[in-house]
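Each chain is listed here by its residues.
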Amino acid sequence: MFVIIGFLTVIASVLIGFLASGGKLLLLWHPFEVLLICGSALGAFLASNPPKIIKDTGASTVALFKKPVYDREAYLDLLRLLNDVLNKLRKEGVMGVEADCERPKESAIFKRYPKILADHHMMEFICDCLRLIVSGNLDPHELESLLEYELETHHTEAHQPAHAMQQVADALPGFGIVAAVLGIVNTMAAIEGADTATIGHKVAAALVGTFLGILVAYGFVGPLASALTHRSEEESKAFEVVKMALVASVRGYPPKVSVEFARKLLFSEVRPSFADLEEHLKAKPKAA
């Protein structure tokens, strides 16, 4: 929602400022300049990134216009899920959660939390962590180190769309200059026998190319790259929460204490209070 509001604010501010200073809107209408700049930027984007990053960038950009996957309620469910799993692990031992790891869609615990169960990457991470615990061959320090490496890989992959988008933003002013230079070339080629008005029109069209390149870079694509970075950091926090709870449990802390360690990692905007979490944990479990 705020992405759309931001873009509309950029457009309104530029156009109102231009019109208020005596400009005419049609002077900015040069579709071939848009084609040259945006088409070249798109081509450079396709050439510089593998298909996976191209696909992820598109999916991540579309996701910006939707609410985050993990809001405050989703984190409450995630913490409660971790509490349920750790309680079962404490009561029934490592073998008690083995079936849940192997067939999570059939697990009575996981089926209580359909939103988390639908998150393929999160479920894969939780189940892989539990399999490491079930194996019993890793001490807490080794487990934490291994999960840190996995999270580092995940963070790097999650930031690739933002990095790709930022590269496009950095290139757009250059493509704007290319459009301006080509416009000047056209102006110089047509200068013989042309009147002052024609030459002025062609120079203005060339300058619009520079204007569009800079505007699209700093008004749209650059902010999109920043928004993708923030969103990836927000969504990565859920994986850190899981890691902290499971590592704390392996170190011998009770489930509620382990979940409290995990709660402390959350950003203030989505972090439930201690009382809210206690109330959520005491609530009657949902039917499987």
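Just so it is clear, the structure is predicted and the values come from calculations on it, not from any experiment.

Enquirer: Explain the packing of aromatic side chains to me, please; I cannot follow it from the model alone.
Expert: One pair of aromatic rings is described through two measures. These are the centre distance and the angle between the planes. One pass over the structure, following the stated rule, counts 4 aromatic pairs. On the basis of an interplanar angle of 40° and a centroid distance of 5.6 Å, the ring pair of Tyr70 and Tyr75 is categorised as tilted. Across the pair, Tyr75 and Tyr70 agree in class, each one buried. Ring centres 5.4 Å apart and planes at 70° place the aromatic pair Phe125 and Phe239 in the edge-to-face group. Here Phe125, found in helix α7 (residues 120-135), pairs with Phe239, found in helix α9 (residues 196-250); they are 114 residues apart in sequence, far enough to count as distant. Comparing Phe125 with Phe239 shows no difference in burial state: the two are buried.

Enquirer: Is there a simple way to explain a nonpolar patch on the surface in this structure?
Expert: Taken together, the side chains of Ile4, Leu8, Ile11 and Phe65 define a hydrophobic patch exposed on the protein surface, amounting to about 360 Å² of accessible area. One can find Ile11 in helix α1 (residues 2-20). Given a relative accessible area of 39%, Ile11 falls into the partly exposed group.

Enquirer: I tried to follow the pattern of salt bridges on my own but got confused; where do I start?
Expert: If the charged atoms of two oppositely charged side chains come close together, the side chains can form a pair. According to the stated counting rule, one finds 16 salt bridges in the structure shown. For Glu102, the salt bridge identified is with Arg131, shortest N-O distance 3.3 Å. In this pair, Glu102 sits in helix α5 (residues 98-102) while Arg131 sits in helix α7, placing the two residues 29 residues apart along the sequence. Residue Glu102 is classed as partly exposed on the basis of its relative accessible area, which comes to 45%. Overall, the relative accessible area of 33% leaves Arg131 in the partly exposed class.

Enquirer: Looking at this structure, I do not really get helix α10 (residues 255-263). What am I missing?
Expert: Every α-helix carries 3.6 residues per turn, so stepping three or four residues along brings you back to the same face. Every buried residue of α10 is accounted for by Pro255, Ser258, Val259, Glu260, Ala262 and Arg263. Contacts from the buried residues of α10 go to α4 (72-92), α9 and α11 (274-282).

Enquirer: Explanation requested: the packing of helix α2 (residues 31-48) against α9 in the structure shown.
Expert: A pair of packed helices is characterised by two quantities: the angle between their axes and the separation of those axes. Interhelical geometry of α2 versus α9 gives an angle of 40° and a closest axis separation of 10 Å. Comparing their axes, α9 and α2 come out oblique. Of the two possible hands of crossing, α2 and α9 adopt the one that is right-handed. Between α2, through Glu33, Val34 and Ile37, and α9, the contact on the second element is made entirely by Ala205, Gly209, Leu212 and Gly213. Tallied by class, the residues present in the contact of α2 with α9 amount to 4 nonpolar, 2 polar and 1 charged.

What counts and what doesn't
Residues numbered from 1 in each chain as written. Predicted model: local features only at pLDDT ≥ 70, side-chain atom pairs only at ≥ 80, totals over all residues. Heavy atoms only, no water. Phe/Tyr/Trp six-rings, centres within 6.5 Å; stacked < 30°, edge-to-face > 60°. Buried < 20%, exposed > 50% of the residue type's maximum accessible area, 1.4 Å probe, protein only. Helix = DSSP H or I, 4+ residues; strand = E, 2+ residues; numbered from the N terminus. Patch = residues over 30% accessible without salt bridge, like charges linked within 9 Å, V, L, I, M, F, W, Y side chains within 5 Å. Areas by Shrake-Rupley, 256 points an atom, 1.4 Å probe, with all protein chains shown as cover. Salt bridge = Lys/Arg side-chain N within 4 Å of Asp/Glu carboxyl O. Contact = heavy atoms within 4.5 Å. Axes fitted to C-alpha atoms, helices over the stretch in contact; angles between N-to-C directions. Parallel < 35°, antiparallel > 145°, perpendicular 65-115°, else oblique. Left-handed = near helix turned anticlockwise from the far one by under 90°. Nonpolar A, V, L, I, M, F, W, Y, C, P; charged D, E, K, R; others polar.

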